Each structure stands twice: as structure tokens, then as C-alpha cells.
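Here is how the chains run, residue by residue.
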Amino acid sequence: MVLTIHEQLKNSIQNAKRILVVTRPLPEGAPPLTFADGLGAGLALCQFLKRCGKNVDFVAPGYGRHSRFAFLPEIASAQNDLQNAQKFVIKLNVADTKISDLRYEMKDGELRIHITPKYGEINPEKLATHAEDFSYDLMITLDTPDLGSLGSLYEKNVKLFSSTPVINIDSRAENEQYGAVNAVDTTASSTCEVVFSHLEQMDRALIDAHIATCLLTGLVTKTKCFQKTRSPKTFEAASRLISLGARREEVMQQLYRNRSLASFRLWGTVLANLNHDETKKFTWVALTARDFLSTGGSEDELPAVVEELILDTPETNTVLILYEKTTPGELCGLLFSTAILDTQALLNSIVSWDRVRQDNLITSPGFIRFCIKEDDIARAEDKIVEMIKKNLYTA
């Protein structure tokens, strides 16, 4: 009999001894709430699995540095990188040669192990090495359309990903279905909604207020406070989460109502200087160093500004903020889009400009952060805006 996706997912989890849960990294400078779906899903899933008696780790690179997520239950458990995934064993047969001293040191990027025999000498042929099996026997990826979007987490652990069964949970139509089990529901509003559906089927009684709050966070952020969905299924899921104890007011307060006066001033300056291409649904603004000084704001608040523009202007699906750095002659840009026709072509255009700093380039699906060696912000604005418009869908 062919098992359903849920049955495959449930069986895989039940048979696993140690589980690794991962979500795509939150790049530096990216609007954090646009990435919160994977974080909420991961925190909820890990708490649920622990209540099932499972040994589980959660890797979510970049999320811990954002204070806006500090209210989420178990946020401290989210690791920035993968640790202790595999042991490498060095064996030395000392049956005939006793050891009087053993020590090690790190020198010139090398691990040097010093072994002193009590008598005689050590035969190098009695030295053997091997890598033990990976410590995880199941991986679960969340809000990750392809393994490449995991960045260095995947690049540094390709063998782990290729040798460990993967449950792929997502709501994106562009998901590449790379898992042994692909729980990809494109009718769901978010990964959190998909996870909630499976957790309810596994054991609804294990979903407490903390788990429900993490899942509601993903629903709220992915749907832009339910402005981007009309699905009765999504509204029903949110209602059930609240009935399970999800703290809706806390979610809204921490994510959307916790703003400083300087942030509001900066937001006002952005609104006063906005440019908009109605045909391309493209909004952009250029901010000078004087704008930051006059408002008391900082570049750390710009990701939140991007989120406000996306949330409050439904006629916009691409946002660019170009701004002067405190370092003279340097500009940076934050670009977020759900409508770039060819992200790679745009990226190639930006990289081909000899003034772009390659060492400061950060990319992720739908997001690019770049810095430019340029002292004329108006000239840079014209060039970057032209590049972007060439790679956008026409409304």
C-alpha cells in the first residue's frame, strides 16, 4: 500500500534517533520578518519533537542577532552553525608500546598530536584513522526551496546532506522536491501552516501555547498580517492556533508595534523621498548621511523600513533602499523583491559594475545586499534603478 506524505513523514520521525532541523539563513541586512516563517516553524517543530522524546538540534544561521525574535519560546536553542556532526577517529595500537606522554597543539592551522612512547619507538603502520557515521539519522529542512539556498551550511556539509534522509517541508511552488519525503503544500500560506497541519495529525495534545505562538508568528509574517491571503484554510489554522494558546497580542506587539522614535523619524524621511514605478510595481529611495543624522536613525533600522513598505504598499513588490555609509565614498543598497524575473541576470549586472565591492555582496532568494565605491549617490541611484527595472516583471 502506498503511504501518504503524512504517513511517510510520521514514520521517518518515529524511526529517527537524532534529528537535525534547518532553515535557510537570514542574511545580514535582510528584512528579518520576511524570513521568520522558517524560524517559527523550526522552533515549533523542535519543541514538539522534544515533547515526543526525540533528540533534536535546530540550525538557523543569522536569526539570533535580531532582538525582534527574542520573545519567541526557545529562541536560544537556535544554533548559528552546525556543530559536532561527525567524529574523526585516530587509532594507535599500543599493545606493545606503552605511552608516557600525550598532548596536542594547534599550530599554523594544523592539529599536531604529540605521542611519546615509554620505551622504544612507535611504528607508523600501527596508526589508523576513520570517520564515524554522522550523528544525525534524519534531517528536516524548512522554508528552503533548494539545498543551495542554505548557503555555507550546505556547502560545508555536502556529505551529510547526501547521506542523510531529508524531510523537505515548504509552501513554495518553486521548491525543487529534493527530499526523501517532500511535504510541500503550495495551497498553504506558509511553512508554519504546513508544519501545523502535520503536528495536529501526529498529536494535537502536544501543541502547547509556546508551540502555537511560534507557528502563529510564521502565519502572521508570511501573510503580512493576513493581508496577502484570502484562504479560509489559513484563517481557520490561525483560529485553531489561538484556541491552543497562541499569544496573538504578544506577536503583534513584538513584531510590529515595538518601534523607537528615531525609527519613526527615519520612516517619515523615507516616505517624503519615495519614488515609485507603477508599471513595474517598484519603489525605491536614496538616503544620505544627513538623513540619518537629522532623524537619529541608523542603517540597522533599514530592514524594518523595507518591511513597512512591503506591508503598507500593496502596489509594491520590489523595494530598493540605497544609502550613504558613514565611510566617505561608500554607498550600500538593500533590494527585496518577489517579482524579479531573473535574479541571476540582475546580480550579474550589479557585479559587472567595477565600483561594486565583491567582498560585501550578500545574496539570498529575493534579496540582495551590495556596497559601491561611489561618492555621488544620485549617479549611483540612476544606474542601479535602471539595472533593476530591466529585470522586473511588467504588472
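Here, the structure is the one placed above.
Note on numbering: residues in each chain are counted from 1, in written sequence order. Given that the model is predicted, a residue must reach a pLDDT of at least 70 before its local features are reported, and side-chain atom pairs must reach 80 or more before they are shown or counted; all residues, however, enter totals for whole chains, interfaces and linings. Side-chain figures throughout are based on the complete set of non-hydrogen atoms in the structure, without hydrogens or water.

Undergrad: How do you make sense of the sheet that holds strand β8 (residues 138-142) when you look at a structure like this?
TA: The pairing of strands in a sheet happens through backbone hydrogen bonds and is either parallel or antiparallel. Spatial ordering of the open sheet is given by β3-β2-β1-β8-β9-β10, a layout of 6 strands whose pairing is parallel. Pairing within the sheet leaves two strands with one partner each, and these edge strands are β3 (78-79) and β10 (181-184). Along the sheet face, helix α1 (residues 5-15) touches β1 (18-23), β8, β9 (166-170) and β10 and points at about 125° away from the line of β10. Sheet contacts for helix α5 (residues 191-203): β8, β9 and β10; angle to β9, the most-contacted strand, approximately 120°. At least two bridges found by DSSP between two strands is the condition for calling them paired. Segments assigned H or I by DSSP are reported as helices when at least four residues long, segments assigned E as strands when at least two residues long, and all are numbered from the N terminus. Note on contacts: a residue pair qualifies if any of its non-hydrogen atoms lie within 4.5 Å across the two residues. Helix axes are fitted to C-alpha atoms over the stretch in contact, other axes to C-alpha atoms as well, and angles between N-to-C directions run from 0 to 180 degrees.

Undergrad: Just to check I follow, could you spell out the environment of Thr-191 for this structure?
TA: Relative to the helices and strands, Thr-191 is located in helix α5. Measuring from C-alpha to C-alpha, the distance between Thr-191 and Leu-219 comes to 8.2 Å, with 28 residues separating the pair along the chain. For Thr-191, the residues in contact, after removing those within four places along its chain, are Asp-37, Ala-41, Leu-142, Asp-143, Ile-169, Asp-170 and Ser-171.

Undergrad: What is the right way to look at the packing of α1 against α5 in this model?
TA: Packed helix pairs are specified by the crossing angle of their axes together with the interaxial distance, meaning the distance between the axes. Between α1 and α5, whose axes approach to 11 Å, the crossing angle comes to 70°. Relative to α5, the element α1 is oriented roughly perpendicular. Where α1 crosses over α5, the two elements pack in a sense that is right-handed. Contact residues: His-6, Leu-9, Lys-10 and Ile-13 in α1; His-198, Gln-201 and Met-202 in α5. Looking at the contact of α1 with α5, its residues break down into 3 nonpolar, 3 polar and 1 charged. When describing relative orientation, an angle under 35 degrees is termed roughly parallel and one over 145 degrees roughly antiparallel, while 65 to 115 degrees is termed roughly perpendicular and anything else oblique. Each crossing is labelled by how the near helix is turned from the far one, with a counterclockwise turn of less than a right angle marking it left-handed and a clockwise turn marking it right-handed. Residues are grouped as follows: Ala, Val, Leu, Ile, Met, Phe, Trp, Tyr, Cys and Pro are nonpolar; Asp, Glu, Lys and Arg are charged; every other residue, Gly included, is polar.

Undergrad: Would you take a moment to explain helix α9 (residues 261-272) for this structure?
TA: Side chains of residues three or four places apart in an α-helix project in the same direction, reflecting 3.6 residues per turn. With 12 residues, α9 should cover 16 Å at 1.5 Å per step; its first-to-last C-alpha distance of 17 Å lies within 8% of that length. Here the term buried applies to any residue with accessible area under 20% of the maximum for its type, exposed to any over 50%, and partly exposed to those in between, with areas from a 1.4 Å probe on protein chains only. Among all positions in α9, only Ala-262, Ser-263, Leu-266, Trp-267, Thr-269 and Val-270 are buried. Burial along α9 is one-sided: seen end-on, the buried residues are contained in an arc of 160°. Exposed side chains of α9 directed beyond 90 degrees from the buried face belong to Leu-261 and Ala-272. Multiplying 1.5 Å by the helix residue count minus one yields the expected span of that helix. Directions are taken from the helix axis to each C-beta atom, and the arc is the one they span.

Undergrad: Sorry if this is basic, but what is going on with the sheet that holds strand β12 (residues 282-287) here?
TA: The 6 strands are arranged β11-β12-β13-β14-β16-β15 in an open sheet whose pairing can be described as mixed. One side of each edge strand has no neighbouring strand; the edge strands of this open sheet are β11 (275-277) and β15 (362-364). Ignoring which end each strand starts from, the neighbouring axes of this sheet average 15° apart. For strand β13 (residues 318-324) and strand β14 (residues 330-337), the ladder comprises 7 bridges, and the chain directions are antiparallel. Its bridge partner being in β14, Glu-324 is matched across the sheet by Leu-331.

Undergrad: How should a nonpolar patch on the surface be read in this particular structure?
TA: On the surface, Ile-90, Val-94, Ile-99, Leu-102, Tyr-104, Met-106, Leu-111, Ile-113, Ile-115 and Leu-127 cluster together to form a nonpolar patch covering roughly 970 Å² of accessible area. Every element with two or more residues in the nonpolar patch is listed here: β5 (99-107) and β6 (110-117). When residues in the nonpolar patch are grouped by element, the largest group, 4 residues, is from β5. To count toward a patch, a residue needs a relative accessible area above 30% and no salt bridge. Like charges then connect within 9 Å, nonpolar side chains (Val, Leu, Ile, Met, Phe, Trp, Tyr) within 5 Å. Note on areas: Shrake-Rupley, 1.4 Å probe, and residue coverage restricted to the protein chains presented here. Salt bridges are counted wherever a side-chain nitrogen of Lys or Arg sits within 4 Å of a carboxyl oxygen of Asp or Glu.

Undergrad: How should I be thinking about the state of the cysteines in this particular structure?
TA: Note on terminology: a disulfide is the covalent bond linking the sulfur atoms of two cysteines. Note on disulfides: each one is a pair of cysteine sulfur atoms within 2.5 Å. Under the criterion given, the structure shown has 1 disulfide. In this model Cys-332 forms its disulfide with Cys-371; the gap between the sulfur atoms is 2.1 Å. Because the torsion about its S-S bond is 90°, the bridge between Cys-332 and Cys-371 counts as right-handed. Here Cys-332, found in strand β14, pairs with Cys-371, found in strand β16 (residues 367-373); they are 39 residues apart in sequence, far enough to count as distant. On the basis of relative accessible area, Cys-371 is assigned to the buried category, the value being 0%. This cysteine, Cys-46, is not joined by any disulfide, and Cys-214 carries the nearest cysteine sulfur, 9.8 Å off. Residue Cys-52 stays outside any disulfide, its sulfur separated by 12 Å from that of Cys-46, the closest cysteine.

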